[in-house]
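# Structural characterization, general
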Amino acid sequence: KSPAAPFATTTLRFITMSYVIIFPSDYFKPNKPDDMFNEQAQVFTAAGFECKYINLENLPTMTKLPYDLSGKWVIYRGWMLDAENYDRLCYIVENSNGRMFTPLDKYLLAHHLPNWYPLIKDYTAETVVLDPSRDFKEQLINLGWNGYFIKDYVKSLKTSIGSVITNANQIDEEKKKMEKNKKK
């Protein structure tokens, strides 16, 4: 008997999965990308990738995409999503037989400030994540800073005065505007 006889022959099989890039769709033309992503969709298509589009406003009520993603990795390239909406997108992709290239935990690590800031805090401006269960104005006053760059976990505050406030008394009104904009 050969010394190799006890070992079974192993055949390696490689599964080849193709990639689909999902972009936000144009609101009025659901089979076209949002204008902001049109050029990127053209580049991906020219490089041989399949591009699909999704109306992000319908995300909370969707359970499945109108196309099958069997055997495909899905890369989302679009507007930043909060944890709930990205998790929903992952669910919808899986229900459409696809697999997200970036799972929820990795997406949150890269996109949500409290997850990535500790990795770069020695190389950037001091950042403080406020406790949402406590009074924001009081927390800002306790910092004793002259100004504040306001962000949620994903993006800068988009209101009439921008992302910078110079007085802690401005935070309550700006927070209301921010919450209103998040619902859009």
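Worth saying up front: this structure is predicted, and the values here are computed from it rather than measured. (Residues numbered from 1 in each chain as written. Predicted model: local features only at pLDDT ≥ 70, side-chain atom pairs only at ≥ 80, totals over all residues. Heavy atoms only, no water.)

## Remarks on the overall build of the protein
- On a plain count of helices and strands, the protein comes out with six helices and six strands.
- Listing the helices and strands of the protein from first to last along the sequence gives β-α-β-β-α-β-α-α-α-β-β-α.
- Considering only residue pairs separated by 6 or more positions, the protein has 56% of its internal contacts joining residues 24 or more positions apart.
- Split by element, the accessible area of the protein, about 12900 Å² in all, is 53% carbon and sulfur. (Helix = DSSP H or I, 4+ residues; strand = E, 2+ residues; numbered from the N terminus. Contact = heavy atoms within 4.5 Å. Areas by Shrake-Rupley, 256 points an atom, 1.4 Å probe, with all protein chains shown as cover.)

## Quick look at the packing of helix α3 (residues 104–111) against helix α4 (residues 113–120)
- Contact geometry for α3 and α4: axes closest at 5 Å, N-to-C directions at 60°. One way to sum up the angle between α3 and α4 is to call them oblique. In this structure, α3 meets α4 at a crossing whose hand is right-handed. Note on element contacts: α4 touches α3 through Leu113, Asn115 and Trp116, opposite Leu108, Leu109, Ala110 and His111.
- Along the lines of polarity and charge, the residues of the contact of α3 with α4 split into five nonpolar, two polar and no charged. (Axes fitted to C-alpha atoms, helices over the stretch in contact; angles between N-to-C directions. Parallel < 35°, antiparallel > 145°, perpendicular 65-115°, else oblique. Left-handed = near helix turned anticlockwise from the far one by under 90°. Nonpolar A, V, L, I, M, F, W, Y, C, P; charged D, E, K, R; others polar.)

## Quick look at the sheet that holds strand β1 (residues 18–24)
- With respect to topology, four strands assemble into an open sheet ordered β2-β1-β3-β4, the strand pairing being parallel. Edge strands, defined here as strands with exactly one partner in the open sheet, are β2 (50–54) and β4 (99–100).
- Across two bridges, strand β3 (residues 72–76) lies against β4 in parallel orientation. Its bridge partner lying in β4, Trp73 is registered against Arg99. (Pairing = 2+ DSSP bridges.)

## Comments concerning the nonpolar core
- Judged by nonpolar contacts, the single largest core of 19 residues is most densely connected at Ile22, Leu65, Tyr86, Leu89, Val93 and Met100.
- No other element matches the five residues that helix α2 (residues 83–95) contributes to this core.
- Look past the residues within four positions of Tyr86 in its chain and what remains in contact with it is Tyr76, Leu81, Met100, Thr102, Pro103, Leu104 and Tyr107.
- If you look at the next biggest cluster of nonpolar residues, it comprises nine residues, including Leu130, Ile150, Ile165 and Met178. (Core = buried A, V, L, I, M, F, W, Y, C linked by side-chain atoms within 4.5 Å. Buried < 20%, exposed > 50% of the residue type's maximum accessible area, 1.4 Å probe, protein only.)

## What about the side chain of Asp26?
- For Asp26, the position within the fold is in the loop between β1 and α1 (38–46).
- Among buried charged residues, Asp26 stands out as having no salt bridge; its nearest opposite-charge side chain is Lys29, 5.1 Å away.
- A polar contact of 2.7 Å, which involves the side chain of Asp26, links it to the backbone nitrogen of Phe28. (Lys, Arg positive; Asp, Glu negative; His and termini not counted. Salt bridge = Lys/Arg side-chain N within 4 Å of Asp/Glu carboxyl O. Polar contact = N/O pair within 3.5 Å; in protein donor to acceptor, adjacent residues only side chain to side chain.)

## Some details on the environment of Glu126
- With respect to the helices and strands, the residue Glu126 is situated in the loop between α4 and α5 (136–143).
- With a relative accessible area of 58%, Glu126 lands in the exposed category.
- Apart from the residues lying within four places of it in its own chain, the contact partners of Glu126 are Tyr117 and Trp145.

## Quick notes on the layout of surface pockets
- Each pocket or cavity is described by its volume, and for the second largest pocket that value is around 180 Å³.
- In this structure, the second largest pocket is lined by 13 residues; those nearest its centre are Pro30, Asn31, Tyr53, Pro66 and Tyr67.
- In terms of residue class, the lining of the second largest pocket is built from eight nonpolar, four polar and one charged. (1 Å grid on protein atoms, 1.4 Å probe; cavity = no way out; pocket = protein on both sides within 12 Å on 5 of 7 lines; lining within 4 Å. Points joined across faces, edges and corners; volume = space filled by probe spheres on them.)

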